[in-house]
Amino acid sequence: MWGCEEKQQLAAAWFRELRDQLCTEFEKIEQEYATSSHPHIPISSFTRTPWQRPEGGGGEMSIMKGGVFEKIGVNISSVHGEFSEAMRKEIPGANEHPNFWAGGISLVAHPCSPLVPAVHMNTRMIVIGDGAKQWFGGGADLTPVYPVETDTDDFHAALKDACDAFDPNYYPKYKKWCDEYFFLKHRGEPRGVGGIFYDYLNSGDWPKDFAFTQAVGKAFAKIYPTLVRRHMHKSWTPEQRQRQLVKRGRYVEFNLLYDRGTRFGLMTGGNVDAILMSLPPEVKWP
């Protein structure tokens, strides 16, 4: 039986491994784009910036800006300490056990082309006290400017396959949760075409829950690059670009008004630049 500290180490090592895999794949996409039809564009790579949290732990930001991705960030973190009084009211078990450990990976991609869908993915592990409560959470969701039915179907199919390998109830449950969570209440509209969202996952079988969280990351790492390659060479118009910038405004609104990860990071003293990595480099409101 793994102890709590060993579980944390295993999870943190996986998040770092997944980060490395994703960064390698997205750098490969930038190289393909530049060498195939855009030789004037320098081949981009990720810039990594480590950061330390004074209260305990830290993380590493990986940011790339290129010909395919106007901005893509893949961040990992492993932080620990004690919840503030305000935060204890929002986290199950934190009133009784204020000490915590949190590790995870977070990815947001804002493509240059309006025809390539933006995307978000994160998975995380939270431990309260000395393991009194612990769980996994995360998911992935797609935000196209111009939805393509095949893309949406393939994205959902990849996540469904990952879910079905563990529990046939996971996909319908987590898809519904995603649809409800990534909804802009003040506008009465969804942020994108959905995906899955899960939280507080503790089935009592930690290896299974960890394996599921890994499967979600692996499924995303396979399907999203496929979608990018389908559309990254297509031409687009200034009008489509303007629509993309307005759509990004919706993304900003959600992340600043509703996103749990943003609130958690800010309320636990995380790195502000890493927390706000999700925001696009250029945006417009009509």
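Above this text is the structure in question.
Quick notes on the rules
Residues numbered from 1 in each chain as written. Predicted model: local features only at pLDDT ≥ 70, side-chain atom pairs only at ≥ 80, totals over all residues. Heavy atoms only, no water. Salt bridge = Lys/Arg side-chain N within 4 Å of Asp/Glu carboxyl O. Helix = DSSP H or I, 4+ residues; strand = E, 2+ residues; numbered from the N terminus. Buried < 20%, exposed > 50% of the residue type's maximum accessible area, 1.4 Å probe, protein only. Phe/Tyr/Trp six-rings, centres within 6.5 Å; stacked < 30°, edge-to-face > 60°. Lys NZ or Arg CZ within 6 Å of the ring centre and 35° of its normal. Arc of directions from axis to C-beta. Contact = heavy atoms within 4.5 Å. Polar contact = N/O pair within 3.5 Å; in protein donor to acceptor, adjacent residues only side chain to side chain.

Attention now goes to the pattern of salt bridges. All told, the structure shown has 21 salt bridges when counted by the stated rule. For the salt bridge of Glu-70 with Arg-241, the shortest nitrogen-to-oxygen distance reads 2.9 Å. Pair noted here: Glu-70 is in strand 3 (residues 69-82) and Arg-241 is in helix 6 (residues 238-257), with a separation of 171 residues, a long-range link. Each member of the pair, Glu-70 as well as Arg-241, is classed as buried. Of the charged contacts, one joins Lys-176 and Glu-180 as a salt bridge, the two residues approaching to 2.5 Å between their closest N and O atoms.

Okay, the packing of aromatic side chains next. The description of an aromatic ring pair rests on the distance of the ring centres and on the angle between the ring planes. Within the structure shown, the criterion is met by 21 aromatic pairs. Relative to Phe-69, the ring of Phe-26 has its centre 5.3 Å away and its plane inclined at 80°; by these criteria the two rings are edge-to-face. On the criterion of sequence distance, the pair formed by Phe-26 in helix 1 (residues 4-37) and Phe-69 in strand 3 is long-range, its members being 43 residues apart. Comparing Phe-26 with Phe-69, the two get one shared label, buried. When the centroid spacing of 5.6 Å and the interplanar angle of 75° are considered together, the rings of Phe-166 and Phe-212 count as edge-to-face. Taken together, the residues span a long stretch of sequence, with Phe-166 in the loop between helix 3 (149-164) and helix 4 (170-181) and Phe-212 in helix 5 (residues 206-231) at a distance of 46 residues. On the basis of relative accessibility, which here comes to 0%, the residue Phe-212 falls in the buried class. Pairwise contacts between aromatic rings join Phe-166, Tyr-170, Tyr-174, Trp-177, Tyr-181, Phe-182, Phe-197, Tyr-198, Phe-212, Phe-254 and Tyr-258 into one cluster. Positioned over the ring face of Tyr-258 is Lys-185, at 4.7 Å from the centre of the ring. The ring centre of Tyr-251 lies 4.1 Å from the NZ or CZ of Arg-191, which sits over that ring.

This paragraph deals with helix 7 (residues 260-267). Taken residue by residue, helix 7 has Thr-262, Phe-264 and Gly-265 as its buried positions. The arc enclosing the buried residues of helix 7, seen along the axis, measures out at 165°, which places them on a common side. Close packing links the buried residues of helix 7 with helix 2 (85-88), strand 4 (99-111), strand 5 (118-128), helix 6 and helix 8 (272-275). Between a side-chain oxygen at the N-terminus of helix 7 and the backbone nitrogen of Gly-261 the separation is 3.1 Å; the capping residue is Asp-259. Gly-269 occupies a position one or two residues after helix 7 and carries a positive phi of about 75°.

Note that every value here comes from positions in space, so none of it alone points to a role or purpose.
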